[in-house]
Amino acid sequence: MSGKSPLDIAIVGGGIVGLSTARTLAQRYRGLGIAIFEKEPDIAQHQTGHNSGVIHSGIYYRPGSQRARMAVQGSERMVAFCEEHGIPYDRCGKVIVATEEGQVPALEELLRRGQANGVPGVRMIGPEELRELEPYATGIRAIHVPSAGIVNYSLVAQTYRKLLERAGGEVRTGAKVNAIVEEPNALRLQTSQGDFLSKHVITCGGLYADRVSMAAGLQPEIKVAPFRGEYSELVPEKRYLVRNLIYPVANPAFPFLGVHFTRRINGAIEVGPNAVLAFKRQGYRWRDVSAGDMLDILGYVGFWRMAARYWRTGLGEMYRSLHKQAMVKELQKLVPEVTSRDLVRAGAGVRAQALDRQGKLVEDFHIVQEPRMIHVLNAPSPAATASLSIGAAVADMAAQWLQPRP
């Protein structure tokens, strides 16, 4: 871009977090030279576009964590944003159901977390009220979370893009960033569309967050492990079995919520997911394999330490992935009338799960700030719900680079 002035801020990654951050900055600092660089032909093609569509309440997360704070705050912001911009949503509520006595202590801990986090209206209910909310569900106790909802996050992301472009920002798709090189007065982005200069860079790489930061010279303390979530749907004539969202009591030691029922904004009832290690960072099917991606994760000591802790859980997830009836049995604990004939294969998503060298699953948001760069290294669920809050937080971090403009 010889002869052109450098951008003020370049953002790497056109998912919902990158788009929210760019929109916030463009609206906060009018006239800012800002552009998103996205390697795919369109925005929101991976975690955002393969999202369950749930507006999370914040009940699951450790009190005091960024996830807890941003989920509760972000849920309210997301609903207000949808109202303002005419995006269809439904605050339909969810139930988290204990089906046996051994699950009750974990259910009570979830209730305590929800109350500590300020989740509105969360309360324990018995089997009679559960049947009023979900007539075909069964359980001995449940938590009702009325603030949970559903939305189409791809539509939210497209709205962020429109607002960014209206404020003067730019989105460059098909622009893969291969390296970010520091120069005396700017950062040079070497991309598939040529070189671009920017005074500052924010990376929001999602499934490639660690690699994008390494391309900028950072040595991140974490590694992204891709986990595929595989879904099925209830056939249309059996959608009556589920009104809204029905979840099991999650294993607090594992960052996945177990197979559950989710009503989508289009009326479909999604079931799942199984959570299995993907053999490619964008591996949406078993046959999607990348030798480089596999060597990358298998060569990381943190992966083997994690596997030593969770191998039994991992084998169970793989078994349910390969044996439909095994997943059906899990679903029947919540809704006994579901049968294997009621399910058809649906889509899959790949989740970027960050690991540290000790094999611990990085639970909270993890953002690293450098003098001229900010790296969003871990933005797990509820990142879509909290995208407005995350975007505002990253924009606050970038404020040291910028001055408000009239």
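The structure under discussion appears in the preceding block.
Please read all numbers here as calculations on a predicted model, not as lab measurements.

Calculation notes
Residues numbered from 1 in each chain as written. Predicted model: local features only at pLDDT ≥ 70, side-chain atom pairs only at ≥ 80, totals over all residues. Heavy atoms only, no water. Salt bridge = Lys/Arg side-chain N within 4 Å of Asp/Glu carboxyl O. Buried < 20%, exposed > 50% of the residue type's maximum accessible area, 1.4 Å probe, protein only. Helix = DSSP H or I, 4+ residues; strand = E, 2+ residues; numbered from the N terminus. Axes fitted to C-alpha atoms, helices over the stretch in contact; angles between N-to-C directions. Parallel < 35°, antiparallel > 145°, perpendicular 65-115°, else oblique. Contact = heavy atoms within 4.5 Å. Nonpolar A, V, L, I, M, F, W, Y, C, P; charged D, E, K, R; others polar. Phe/Tyr/Trp six-rings, centres within 6.5 Å; stacked < 30°, edge-to-face > 60°. Core = buried A, V, L, I, M, F, W, Y, C linked by side-chain atoms within 4.5 Å. Pairing = 2+ DSSP bridges. Patch = residues over 30% accessible without salt bridge, like charges linked within 9 Å, V, L, I, M, F, W, Y side chains within 5 Å. Areas by Shrake-Rupley, 256 points an atom, 1.4 Å probe, with all protein chains shown as cover. Lys, Arg positive; Asp, Glu negative; His and termini not counted. Charge placed at Lys NZ, Arg CZ, Asp CG, Glu CD.

## Remarks on the pattern of salt bridges
- For the structure on display, the rule yields 25 salt bridges.
- Here Glu170 ties to Arg172 by a salt bridge, and the two come within 3.2 Å at their closest N and O atoms.
- For Glu170, a relative accessible area of 34% corresponds to the partly exposed category.
- On the basis of relative accessibility, which here comes to 24%, the residue Arg172 falls in the partly exposed class.
- Linking Asp210 and Arg281 is a salt bridge whose minimum nitrogen-to-oxygen distance equals 2.7 Å. Of the two residues, Asp210 is situated in helix α6 (residues 209-215) and Arg281 in the loop between β16 (269-277) and α7 (291-298); the sequence distance between them amounts to 71 residues. Each member of the pair, Asp210 as well as Arg281, is classed as buried.
- Shared partners join several salt bridges into a network, and the residues in it are Asp210, Arg211, Lys223, Arg281, Asp293 and Asp296.

## Considering the packing of helix α2 (residues 66-85) against helix α10 (residues 387-398)
- Packing of α2 against α10 leaves a shortest axis separation of 7 Å and a crossing angle of 110°. Put simply, α2 runs roughly perpendicular to α10. Here α2 contributes Met70, Gln73, Gly74, Arg77, Met78 and Phe81 to the contact with α10, which in turn contributes Ser387, Leu388, Ser389, Ile390, Ala392 and Ala393.
- Looking at the contact of α2 with α10, its residues break down into seven nonpolar, four polar and one charged.

## What to know about the packing of aromatic side chains
- What the rule picks out here adds up to six aromatic pairs.
- Seen from their ring centres, Phe81 and Tyr160 are 5.2 Å apart, and the 70° between their planes marks the pair as edge-to-face. Of this pair, Phe81 sits in helix α2 while Tyr160 sits in helix α5 (residues 153-166); the two residues are 79 residues apart in sequence, bridging distant segments of the chain.
- Phe81 sits in the buried class, given a relative accessible area of 5%.
- Relative accessible area serves as the criterion here: at 0%, Tyr160 is assigned to the buried category.

## Some details on the nonpolar core
- Counting residues in each nonpolar core, the largest one holds 45 residues, and the members touching the most others are Ile9, Ile11, Leu25, Ile34, Val156 and Ile202.
- Breaking this core down by element, the ones donating at least two residues are β1 (7-12), α1 (16-28), β2 (34-38), α2, α5, β19 (373-378) and α10.
- Tyr61, Ala71, Val122 and Leu245 belong to the second largest nonpolar core, which has 23 residues in total.

## What to know about the pairing of strand β15 (residues 260-263)
- Burial along β15 is two-sided: His260 and Thr262 facing one way and Phe261 and Arg263 facing the other are all buried.
- In this sheet, β15 lies alongside strand β14 (residues 245-248) in antiparallel orientation, the contact comprising two bridges. The residue of β15 that forms the bridge with Leu245 is Thr262.
- Hairpin connection, β15 to β16: the antiparallel pair is bridged by five residues, and Gly267 has positive phi, about 100°.

## Side note on a positive patch on the surface
- Positive charge collects at one region of the surface, where Arg305, Arg309, Arg357 and Lys360 lie side by side.
- Inspection of the secondary structure puts Arg309 in helix α8 (residues 301-322).
- Under the relative-accessibility criterion, Arg309 is labelled partly exposed at 46%.

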